[in-house]
Amino acid sequence: MTSIIDVGALAALLQDAAIQEIRPRFRKLGAGDIRAKSEPTDLVTEADEAAERHLRRAIASLAPDALFVGEESVAADPTILHKLADADLAVVVDPIDGTFNFASGIPAFGVMASVVWKGETVAGIIYDPMGDDWAIAEKGSGAYLRRPDGEATRLAAADPAPIETMVGMASAGYFYGEVRERVLGNLAKVRFVASYRCAAHEYRTFSGGHVHFAMYNRLMPWDHLAGTLIAQEAGGHVARFDGSAYLPHHVDGGLLVATDEDSWQMLRREILGV
């Protein structure tokens, strides 16, 4: 599928924002450049805000008719998020995914953008500012790792595996109460589970075939739209915990990503216990 927006040009904008606004600030933030939002570990930095301003201006030139949905813009005006379901065209941006890592000086963060056309995600990009490459997918066209020299490698999810040998990603921070206890206990059934505190790199890791699953309970479009499309185009199976399709306007219902549908059903049963 050819997106309504030039995806190559959009990918270049993410790189430019990283060059201009993000990389120069990495490990150079002052105390006044980092603030907490909803909780002490939910951070925003001067780099997040500067990169989003940069991207908002650039995307307005690339796609002047598109609704711009950025994480920091929504933090300032939550009504923007409510417009996503009905927008003909939207670009959803996470200027720095993995802000906690970025603010901590850990080089595991990314810049993400997705294109939503009439309620459907049709393109997704995850740019790694430190590795200087992109995971990119357009709906129906596969997922690729692209480098600045033009080299492109097709991404493919891992082969299915028994639960006892599975390696996965699970963000347990937004599970609560009895559900949290059940999920954390059941994750002992897999061989290894981790969290990078960065959905951008977790989706890249899954789509590159290095882990068998990823699991999230908190859904915000800038965190998941690009990654889920890339994971699907790499051959993975993605659905909310109840088995329904994940759509751009969803902000709840959980999300499970697996190598195939049979593995998805097994993980739902064995880990979520439903």
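The paragraphs below set out a description of the structure included in this document. If you're wondering where the values come from, they're calculated on a predicted model, not measured in any experiment.

Conventions and cut-offs
- Residues numbered from 1 in each chain as written.
- Predicted model: local features only at pLDDT ≥ 70, side-chain atom pairs only at ≥ 80, totals over all residues.
- Heavy atoms only, no water.
- Helix = DSSP H or I, 4+ residues; strand = E, 2+ residues; numbered from the N terminus.
- Rg over C-alpha atoms; globule rule 2.2 N^0.38 Å.
- Buried < 20%, exposed > 50% of the residue type's maximum accessible area, 1.4 Å probe, protein only.
- Contact = heavy atoms within 4.5 Å.
- Areas by Shrake-Rupley, 256 points an atom, 1.4 Å probe, with all protein chains shown as cover.
- Lys, Arg positive; Asp, Glu negative; His and termini not counted.
- Charge placed at Lys NZ, Arg CZ, Asp CG, Glu CD.
- Pairing = 2+ DSSP bridges.
- Axes fitted to C-alpha atoms, helices over the stretch in contact; angles between N-to-C directions.
- 1 Å grid on protein atoms, 1.4 Å probe; cavity = no way out; pocket = protein on both sides within 12 Å on 5 of 7 lines; lining within 4 Å.
- Points joined across faces, edges and corners; volume = space filled by probe spheres on them.
- Nonpolar A, V, L, I, M, F, W, Y, C, P; charged D, E, K, R; others polar.
- Core = buried A, V, L, I, M, F, W, Y, C linked by side-chain atoms within 4.5 Å.
- Salt bridge = Lys/Arg side-chain N within 4 Å of Asp/Glu carboxyl O.

## Examining the overall build of the protein
Right, so step 1: Broken down by element type, the protein carries 9 helices and 14 strands.
Right, so step 2: Over its C-alpha atoms the protein spans a radius of gyration of 18 Å, differing by no more than 12% from the 19 Å that the globule rule assigns to 274 residues.
Right, so step 3: Taken over the C-alpha atoms alone, the protein extends approximately 45 × 45 × 35 Å along its principal axes.
Right, so step 4: For the protein, the proportion of its 274 residues judged to be buried stands at 53%.
Right, so step 5: Across the protein, every contact between residues at least 6 apart in sequence was considered, and the portion connecting residues at least 24 apart equals 63%.
Right, so step 6: When the accessible surface of the protein is totalled, it reaches about 11,600 Å², and 50% of it is carbon and sulfur.
Right, so step 7: Measuring between centres, the 25 positive side-chain charges of the protein sit 3 Å from its 38 negative side-chain charges.

## With respect to the environment of Phe192
Right, so step 1: As for its placement among the helices and strands, Phe192 is situated in strand 11 (residues 192-194).
Right, so step 2: The exposure class assigned to Phe192 is partly exposed, which follows from its relative accessible area of 48%.
Right, so step 3: Those residues in contact with Phe192 that sit more than four places away from it in its chain are Met166, Val167 and Gly168.

## Concerning the sheet that holds strand 12 (residues 213-216)
Right, so step 1: Strand order in the open sheet formed by 5 strands is 11-10-12-14-13, with mixed pairing between adjacent strands. The strands lining the two open edges of the sheet, one partner per strand, are strand 11 and strand 13 (237-239). Strand-to-strand, the axes of this sheet are offset by a mean angle of 15°, without reference to chain direction.
Right, so step 2: Inspection of the sheet shows strand 10 (residues 167-170) paired to strand 12 by 3 bridges, in the parallel sense.

## Here's the deal with the sheet that holds strand 3 (residues 67-70)
Right, so step 1: Here 7 strands make up an open sheet; going across it, the order is 3-4-5-6-7-8-9 and the pairing mixed. Looking at the sheet topology across the chains shown, the edges are occupied by strand 3 and strand 9 (152-154). With direction set aside, neighbouring strand axes in the sheet form an average angle of 20°.
Right, so step 2: With 3 bridges connecting them, strand 8 (residues 143-146) and strand 9 associate as antiparallel partners. Looking across to strand 9, one finds that Leu145 is bridged to Thr153.
Right, so step 3: Across the sheet, helix 1 (residues 7-22) is in contact with strand 4 (89-97), strand 5 (110-117), strand 6 (120-128) and strand 7 (133-138); its angle to strand 6 comes to roughly 35°.
Right, so step 4: Along the sheet face, helix 8 (residues 221-233) touches strand 3, strand 4, strand 5, strand 6, strand 7 and strand 8 and points at about 100° away from the line of strand 6.

## A few points about the layout of surface pockets
Right, so step 1: The calculated volume of the largest pocket comes to roughly 830 Å³.
Right, so step 2: Lining of the largest pocket is provided by 35 residues; of these, Asp42, Tyr174, Arg197, Arg218 and Asp223 occupy positions nearest its centre.
Right, so step 3: Where the lining of the largest pocket is concerned, the elements lending two or more residues are helix 3 (71-76), strand 4, helix 5 (99-104), helix 7 (199-207) and helix 8.
Right, so step 4: Here the lining of the largest pocket gets 4 residues from one element, more than from any other, and that element is helix 3.
Right, so step 5: Looking at the lining of the largest pocket residue by residue, the classes come out as 15 nonpolar, 9 polar and 11 charged.
Right, so step 6: Taken as a whole, the second largest pocket spans an internal volume of roughly 210 Å³.
Right, so step 7: Together, 13 residues line the second largest pocket, and Thr121, Lys139, Gln232, Tyr246 and Leu247 are the ones closest to its centre.
Right, so step 8: Take the lining of the second largest pocket: its biggest share by element is 4 residues, from helix 8.
Right, so step 9: For the lining of the second largest pocket, a count of residues per class yields 7 nonpolar, 4 polar and 2 charged.

## Details of the nonpolar core
Right, so step 1: One finds Val69 and Ile126 to be the most contacted residues of the largest nonpolar core, which totals 40 residues.
Right, so step 2: The element that contributes the greatest number of residues to this core is helix 8, accounting for 6 residues.
Right, so step 3: Apart from residues no more than four positions distant in its own chain, Ile126 is found in contact with Val111, Met112, Asp133, Trp134, Ala135, Ala200, Tyr203, Arg204, Ala226, Gly227 and Ile230.
Right, so step 4: Counting 33 residues, the second-largest nonpolar core is a separate cluster that includes Ala47, Ile59, Val111 and Tyr127.

## Let's talk about the pattern of salt bridges
Right, so step 1: One pass over the full model with this rule turns up 15 salt bridges.
Right, so step 2: Of the charged contacts, one joins Arg53 and Glu46 as a salt bridge, the two residues approaching to 3.4 Å between their closest N and O atoms.
Right, so step 3: By relative accessible area, which is 34% here, Arg53 ends up partly exposed.
Right, so step 4: Exposure remark for Glu46: the relative accessible area of 25% places this residue in the partly exposed category.
Right, so step 5: Linking Arg218 and Asp223 is a salt bridge whose minimum nitrogen-to-oxygen distance equals 3.9 Å.
Right, so step 6: Assessed through its relative accessible area of 35%, Arg218 is described here as partly exposed.
Right, so step 7: Connected through shared salt-bridge partners, Glu21, Arg25, Glu46 and Arg53 make up one network.

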